[in-house]
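Now for the letters of each chain:
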Number of protein chains: 2
Amino acid sequence: MVGAVSAKQIRLNVLEQCNASFAAFGLWTHPRDRAVEYTSLDFWVEYARLAERGLFDNFFIADVHGTPDVYGGSVDAALRNGSQGPILDPVVLISAMAHVTSDLAFTVTGNATYEMPYSFARRMSTLDHMTRGRLGWNVVTGYLNSGARAMGRDGIGSHDLRYDVADEFLDGVYRLWEDSWEEGAVRKDKERGIYVDPAKVHEIDFRGEHYRFRTIHATETSPQRTPVIFQAGASPRGRAFAARHAEGIYINGTSRQVAAEQVAAFRKLVAEEGRDPQSVKVFAGVSVFVDETAEAARARYEEYKQYASIEGLMVLMSGAMGIDLSQYPLDEPLRFQENDANRTVMENMTKHNQWTLREAMDAKALSGTNIPLIGSAEEVAEELIAWADETDLDGFNISRTLSFEGLERFIDMVIPQLQERGRYKTAYSPGTFREKLFGHGPHLPSDHPATKKR
Amino acid sequence: MVGAVSAKQIRLNVLEQCNASFAAFGLWTHPRDRAVEYTSLDFWVEYARLAERGLFDNFFIADVHGTPDVYGGSVDAALRNGSQGPILDPVVLISAMAHVTSDLAFTVTGNATYEMPYSFARRMSTLDHMTRGRLGWNVVTGYLNSGARAMGRDGIGSHDLRYDVADEFLDGVYRLWEDSWEEGAVRKDKERGIYVDPAKVHEIDFRGEHYRFRTIHATETSPQRTPVIFQAGASPRGRAFAARHAEGIYINGTSRQVAAEQVAAFRKLVAEEGRDPQSVKVFAGVSVFVDETAEAARARYEEYKQYASIEGLMVLMSGAMGIDLSQYPLDEPLRFQENDANRTVMENMTKHNQWTLREAMDAKALSGTNIPLIGSAEEVAEELIAWADETDLDGFNISRTLSFEGLERFIDMVIPQLQERGRYKTAYSPGTFREKLFGHGPHLPSDHPATKKR
């Protein structure tokens with residue numbers, strides 16, 4: 001690796017969710033796993049310190065409304081496995097994690113169909129103040145009918161409508177964050193007794209199809225105004241939404257070639273929106289199992305795997321796909337009725353019946369939808385670099401394996417290898433999350449739709 | 001004072017709001033005042049440590065949706081004075097404040113007409129976990145039309161309807177907190193791979209007039225289940241609501257006699273609800289100005305008062321009363337049109353024209369709706385004890401004066417006097433907020449309506 005200075009720096013997010021079992025389902029039962037401590041604040045504070053020790057860019061917290069109830073037609077399997085439920089509200093953890101760190105950013109998931117723009121914008125601005133501009137927002141629209149029923153609706157509604165609602169929600173919060181308070185509105189002039197110059201604060205009269213409000217933004221301008229926007233929609237409508245709004249997305253890379261195609265297609269969409277295609281950072285999820293040698297790493301993986309729960313994984317996948325996997329046999333070749341709408345998906349999952357469903361689940365048991373990387377520190381580092389270079393990915397979400405052991409090993413063993421190869425920072429750069437990620441900011445660039453209404 | 005052991009211990013809350021100017025309007029302009037730091041997390045963390053040093057029971061954070069726009073018919077005066085606006089969302093500050101303290105409780109204001117029961121209950125349960133059971137919830141219904149418009153409505157609606165909606169909201173969140181998860185549902189059984197016993201988790205099918213939902217509670221049972229409920233409604237409907245739900249209320253005492261009547265009337269209402277009348281703690285707001293001698297305290301008060309803003313106070317009062325005080329002359333006796341609906345209120349405020357409006361405002365400039373206590377440490381302590389003994393009040397909200405100087409002086413000077421008189425704890429008692437307040441818990445007692453559906 002020559003020219004370390006010019007080579008693209010790899011960006012890393014911790015990928016988490018506030019529950020006992022996530023991504024590597026079942027590992028909470030491992031004697032050394034600490035995920036069952038997730039209801040304790042000390043756990044999250046220690047976790048944040050660990051991520052900052054690894055110079056991670058961002059602590060990304062996934063979230064979901066509702067408890068998965070597609071697998072077996074009830075929430076029972078989810079609860080038994082602690083799989084995505086019970087779950088905490090991530091938004092109230094951030095301030096404690098921010099207080100013990102100085103540079104790590106926090107991206108919190110927020111639903112753009114279940115909230116009101118005014119109160120949501122106020123909450124995010126408060127967190128952007130409290131983190132001194134280290135806030136990201138992962139925009140989701142909700143995919144569980146159980147979540148919709150919990151929020152007083154009959155169901156989640158059509159996929160495209162959810163994105164239309166979300167589009168309008170974002171337009172609403174952008175107006176509050178970007179257009180209500182001019183720069184310089186806050187005077188804090190003790191001599192003259194003027195806290196804010198009212199002439200520089202503007203009421204937003206928003207009249208949409210799904211949201212309407214008339215108000216000033218409640219909170220004085222925070223360091224970034226709009227938090228760094230993340231989005232993960234994989235559907236055509238989801239990708240179009242991300243191309244318009246997102247500054248960070250994540251993809252599920254199945255192979256480098258597929259990932260490269262996804263990244264290129266996505267950057268093209270971004271350009272078509274009139275935005276700089278490099279103004280969106282693209283991440284893929286990885287699950288890392290590292291040891292001194294490849295053999296030791298494989299042995300570690302196998303040792304962890306004794307604690308895996310494929311039922312926990314099937315709970316997640318059933319909910320995400322809307323297919324009750326409990327209706328299919330685990331150990332026999334799949335057979336389909338003529339009219340089985342799931343046939344194509346199920347055949348792809350089992351590689352056209354080369355695998356049983358158990359074998360298909362087994363292969364993903366510790367990595368879920370992430371890329372599994374098992375090897376020595378050198379091998380894992382080289383793999384990450386190869387993925388980045390061959391796909392134009394900007395970085396990776398390092399997902400939970402054994403909590404905290406997996407992340408500690410990654411930080412102590414893989415990060416130095418990335419640093420030696422000149423592909424990972426050795427110190428944080430100054431500024432807000434947006435400035436750290438893009439080298440400019442702290443506000444959204446002028447080609448972003450949020451700033452065009454100004 | 002004899003029999004210190006048997007005398008009722010005085011309970012103390014810090015009373016705050018996340019903005020630059022609150023209660024003692026204008027003091028943010030004092031050179032030593034620190035309120036303008038309110039957008040910094042360090043400010044709140046230091047504040048929490050200070051309150052715990054004073055063995056305060058509770059850090060109570062008031063909140064409001066919307067910016068006051070009744071005074072002068074716009075938000076201009078509110079913004080100019082930083083009076084209740086701009087404002088932060090208090091709910092996201094708590095975890096950082098909880099992390100640096102071990103016994104101080106936090107009561108966060110939450111609106112029972114603008115939220116959805118499922119997501120609100122999840123947020124509160126998360127905070128009850130993160131604080132290890134040190135959470136209170138101040139239930140409000142919203143009184144600003146500007147807040148209603150910000151939340152997408154035409155206006156706040158009728159007063160009694162708001163309380164009907166809130167009643168139903170509380171019934172909804174009670175069901176989630178109290179009835180969805182049985183004790184012992186969470187197993188965390190690593191051996192058998194059982195995180196939760198699904199048989200002990202129950203779906204709540206709530207069908208109200210204003211809210212409906214069908215879901216399990218998202219979050220495993222937190223230490224207190226339901227946070228300690230505070231409420232401050234002063235109207236007959238508000239008092240009835242508080243008598244049914246509240247475990248803590250606050251009143252605006254104008255004199256000891258009036259306060260004693262209010263406390264007695266309220267405890268009677270609580271008893272009529274079938275609840276122990278002592279199962280609700282009653283607090284009055286006080287603004288304390290203390291110094292070595294009464295003369296020095298008065299001088300300190302006068303020195304602070306040079307920085308007061310009666311416009312800031314009128315912004316608050318106009319919003320709270322729904323009367324635009326800017327339409328009345330400040331320095332002339334008030335005259336009323338025949339049909340002036342505000343006449344009675346305005347005459348009471350000016351003591352039937354003994355005072356000009358300026359003089360009426362001036363008297364409240366540094367204390368707002370609180371009881372002003374100005375004197376030596378001994379005098380202030382004796383006053384507090386006399387108020388408690390003559391009114392049956394359980395304690396006081398110590399409101400912001402000069403930030404942080406006012407609270408520091410109270411802690412260093414008045415608290416030792418209360419302790420010497422055996423009327424204030426010298427160490428925290430163990431347990432959750434509810435256990436500390438009432439000596440039993442951590443859950444609601446069996447005479448509370450939340451537990452009756454079990």
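This one's a predicted model, so the numbers in the text were calculated from it and none came from an experiment.

J.: Provide a residue-level description of the overall build of chain A, including the pertinent values.
T.: The helix and strand tally for chain A stands at 15 helices and 13 strands. Relative to the globule expectation of 22 Å for 454 residues, the C-alpha radius of gyration of chain A, 22 Å, shows essentially globular dimensions. For chain A, the spread of C-alpha atoms along the principal axes amounts to about 75 × 55 × 45 Å. Taking all 454 residues of chain A together, 64% fall into the buried category. Here the analysis covers contacts within chain A between residues at least 6 apart in sequence; of these, 77% occur between residues at least 24 apart. Accessible surface, chain A as shown: approximately 16000 Å² in total, 47% of it carbon and sulfur. If the 50 positive side-chain charges of chain A are averaged to one point and the 64 negative ones to another, these points end up 5 Å apart.

J.: I'd love a proper account of the side chain of Ser376(A), names of residues and values included.
T.: Residues and elements named next belong to chain A. Mapped onto the secondary structure, serine 376 falls in strand β12 (residues 371-376). Residue classification places serine 376 among the buried residues on the basis of a relative accessible area of 8%. What serine 376 contacts, discounting residues up to four positions off in sequence, is Val290, Asp291, Glu292, Thr293 and Ala294.

J.: Report on helix α14 (residues 405-420) of chain A, specifying residues and quantitative values.
T.: Along an α-helix, a turn takes 3.6 residues, which lines up residues three or four apart on a common side. Residue and element names in this part refer to chain A. Across its 16 residues, α14 extends 23 Å between first and last C-alpha, which sits within 8% of the 22 Å expected from 1.5 Å per residue. Along its length, α14 shows its largest kink, about 35 degrees, at isoleucine 411. When α14 is considered as a whole, its buried residues turn out to be Glu405, Gly406, Leu407, Arg409, Phe410, Ile411, Met413, Val414, Ile415, Gln417 and Leu418. Buried residues along α14 sit against β1 (11-17), α1 (41-53), β11 (281-291), α9 (294-305), α13 (377-391) and β13 (395-399).

J.: Outline the UniProt feature "domain: Luciferase-like" (unreviewed entry) in chain A, supporting the account with residue identities and numerical values.
T.: UniProt records the feature "domain: Luciferase-like" (unreviewed entry) for residues 34-389 of chain A in the present numbering. Along residues 34-389 of chain A, the helical share is 41% and the strand share 16%, with 34 Å between the first and last C-alpha atoms.

J.: Please set out the relation of the copies chain B and chain A residue by residue, giving values where relevant.
T.: Its rotation angle being 180 degrees, the transformation that places chain B on chain A also includes 0.0 Å of axial translation and leaves an RMSD of 0.0 Å. On the angle and the small slide along the axis, the relation comes out as a two-fold axis. Relative to the rotation axis, the C-alpha of Ala96(B) is the closest in chain B, positioned 1.8 Å from it. Mapped onto chain A, 100% of the interface residues of chain B again fall at the interface, so both copies present the same surface.

J.: Break down a negative patch on the surface for me, with residues and values.
T.: Judged by side-chain charge, Glu292(A), Glu295(A), Glu378(A), Glu379(A) and Glu420(A) come together as a negatively charged surface patch. Mapped onto the secondary structure, Glu378(A) falls in helix α13.

J.: Go over empty space enclosed by the protein with me, naming the residues and quoting the values.
T.: Throughout the structure, instances matching the rule amount to 7 cavities of 30 Å³ or more. Its boundaries defined by the atoms lining it, the largest cavity holds a volume of some 120 Å³. In terms of lining, the largest cavity is formed by 14 residues, of which the most central are Asp89(A), Thr109(A), Gly110(A), Glu115(A) and Arg123(B). Of all the elements in the fold, those that place two or more residues in the lining of the largest cavity are β3 (105-111) and α4 (117-130) of chain A together with α4 (117-130) of chain B. Partitioned by chemical class, the residues of the lining of the largest cavity number 3 nonpolar, 5 polar and 6 charged.

J.: How would you explain the interface of chain B and chain A if you had to name every residue and give the values?
T.: The interface is formed by 74 residues belonging to chain B together with 74 residues belonging to chain A. Roughly 6400 Å² of surface becomes buried between chain B and chain A when both sides are summed, with 60% attributable to carbon and sulfur atoms. Contact with chain A buries area across many residues of chain B, yet Arg122(B), Lys190(B) and Tyr195(B) alone supply 11% of it, more than any other trio. Here chain B and chain A share 8 salt bridges between them. Between Asp89(A) and Arg122(B) there is a salt bridge; the shortest N-O distance is 3.9 Å. Linking chain B with chain A are 39 residue pairs in polar contact (both at pLDDT 80 or more), by the criterion used here.

J.: So what's going on with the packing of α4(B) against helix α6 (residues 159-179) of chain B? Residues and values would help.
T.: All names here are of chain B. Two numbers describe how α4 lies on α6: the axes approach to 9 Å, and their chain directions differ by 55 degrees. Viewed along their axes, α4 and α6 adopt a mutual orientation that is oblique. The hand of the α4/α6 crossing is right-handed. Where α4 abuts α6, its residues Pro117, Tyr118, Phe120, Ala121, Met124 and Ser125 lie against Phe169, Val173, Leu176 and Trp177.

J.: Let's hear about the packing of aromatic side chains: which residues, and what values?
T.: If you walk through the whole model with that rule in mind, you get 48 aromatic pairs over all chains. Ring plane angle 25 degrees and centroid distance 4.9 Å describe the contact between Phe43(A) and Phe404(A), whose orientation is recorded as stacked. Of the two residues, Phe43(A) sits in helix α1 while Phe404(A) sits in the loop between β13 and α14, which places them 361 residues apart along the sequence. Residues Phe206(B) and Phe213(B) carry aromatic rings whose centres are separated by 5.0 Å and whose planes lie at 5 degrees to one another, so their mutual orientation is stacked. For Phe213(B), a relative accessible area of 4% corresponds to the buried category. Joined through ring pairs, the aromatic side chains of Phe43(A), Trp44(A), Tyr47(A), Phe59(A), Phe106(A) and Phe404(A) make up one cluster.

J.: Provide a residue-level description of unusual backbone geometry, including the pertinent values.
T.: Most peptide bonds take the trans form, and the phi angle of most residues other than glycine is negative. Following Gly85(A), the chain continues into Pro86(A) via a peptide bond in cis, with omega recorded as 0 degrees. Residue placement: Pro86(A) occurs in the loop between α2 (76-81) and α3 (94-99). Cis geometry marks the peptide bond from Ser403(A) to Phe404(A), where omega comes out at -10 degrees. The phi dihedral of Lys188(A) is positive, around 50 degrees, even though this residue is not glycine. As for its placement among the helices and strands, Lys188(A) is situated in strand β5 (residues 186-189). Phi at His352(B) takes a positive value of approximately 55 degrees, unusual for a residue other than glycine.

J.: Hey, could you go over the packing of helix α7 (residues 236-245) of chain B against helix α8 (residues 256-272) of chain B for me, with residue numbers and the actual values?
T.: Residues and elements named next belong to chain B. Two elements in contact, α7 and α8, have axes whose closest approach is 8 Å; the angle formed by their N-to-C orientations is 55 degrees. The angle between α7 and α8 places the two elements in the oblique class. The interaxial crossing formed by α7 with α8 has right-handed handedness. Contacts between α7 and α8 involve Arg239, Ala240, Ala242 and Ala243 from the first element and Gln262, Phe266, Leu269 and Val270 from the second. Its residues assigned to classes, the contact of α7 with α8 shows 6 nonpolar, 1 polar and 1 charged.

J.: Can you explain the pairing of β1(A)? Please cite residues and give values.
T.: Residues and elements named next belong to chain A. Of all 7 residues making up β1, 7 are buried, and the element is well covered by its neighbours. The pairing of β1 with β13 spans 5 bridges and is classified as parallel. Within β13, the residue paired with leucine 15 across the bridge is serine 399. Handedness of the crossover joining β1 and strand β2 (residues 58-62) through α1 is recorded here as right-handed.

J.: Summarise the environment of Glu115(A); cite the residues concerned and give the values.
T.: Checked against the element boundaries, Glu115(A) lands in the loop between β3 and α4. Exposure remark for Glu115(A): the relative accessible area of 17% places this residue in the buried category. Sequence-wise, Glu115(A) and Phe169(A) are 54 residues apart; in three dimensions their C-alpha atoms are separated by 8.7 Å. Not counting residues up to four positions away in its chain, the partners in contact with Glu115(A) are Phe120(A), Arg123(A), Phe169(A), Tyr211(A) and Arg123(B).

What counts as what
Residues numbered from 1 in each chain as written. Chains lettered and ligands numbered in written order. Predicted model: local features only at pLDDT ≥ 70, side-chain atom pairs only at ≥ 80, totals over all residues. Heavy atoms only, no water. Helix = DSSP H or I, 4+ residues; strand = E, 2+ residues; numbered from the N terminus. Rg over C-alpha atoms; globule rule 2.2 N^0.38 Å. Buried < 20%, exposed > 50% of the residue type's maximum accessible area, 1.4 Å probe, protein only. Contact = heavy atoms within 4.5 Å. Areas by Shrake-Rupley, 256 points an atom, 1.4 Å probe, with all protein chains shown as cover. Lys, Arg positive; Asp, Glu negative; His and termini not counted. Charge placed at Lys NZ, Arg CZ, Asp CG, Glu CD. Expected span 1.5 Å × (residues − 1). Bend = angle between axes of the 7 residues up to and from the residue. UniProt positions renumbered as here; feature names shortened; annotations may be inferred. Least-squares fit on C-alpha atoms with pLDDT ≥ 70 in both. Patch = residues over 30% accessible without salt bridge, like charges linked within 9 Å, V, L, I, M, F, W, Y side chains within 5 Å. Salt bridge = Lys/Arg side-chain N within 4 Å of Asp/Glu carboxyl O. 1 Å grid on protein atoms, 1.4 Å probe; cavity = no way out; pocket = protein on both sides within 12 Å on 5 of 7 lines; lining within 4 Å. Points joined across faces, edges and corners; volume = space filled by probe spheres on them. Nonpolar A, V, L, I, M, F, W, Y, C, P; charged D, E, K, R; others polar. Buried area = accessible area lost by both parts, 1.4 Å probe. Polar contact = N/O pair within 3.5 Å; in protein donor to acceptor, adjacent residues only side chain to side chain. Axes fitted to C-alpha atoms, helices over the stretch in contact; angles between N-to-C directions. Parallel < 35°, antiparallel > 145°, perpendicular 65-115°, else oblique. Left-handed = near helix turned anticlockwise from the far one by under 90°. Phe/Tyr/Trp six-rings, centres within 6.5 Å; stacked < 30°, edge-to-face > 60°. Pairing = 2+ DSSP bridges. Right-handed = clockwise from strand over helix to strand, strands pointing away.

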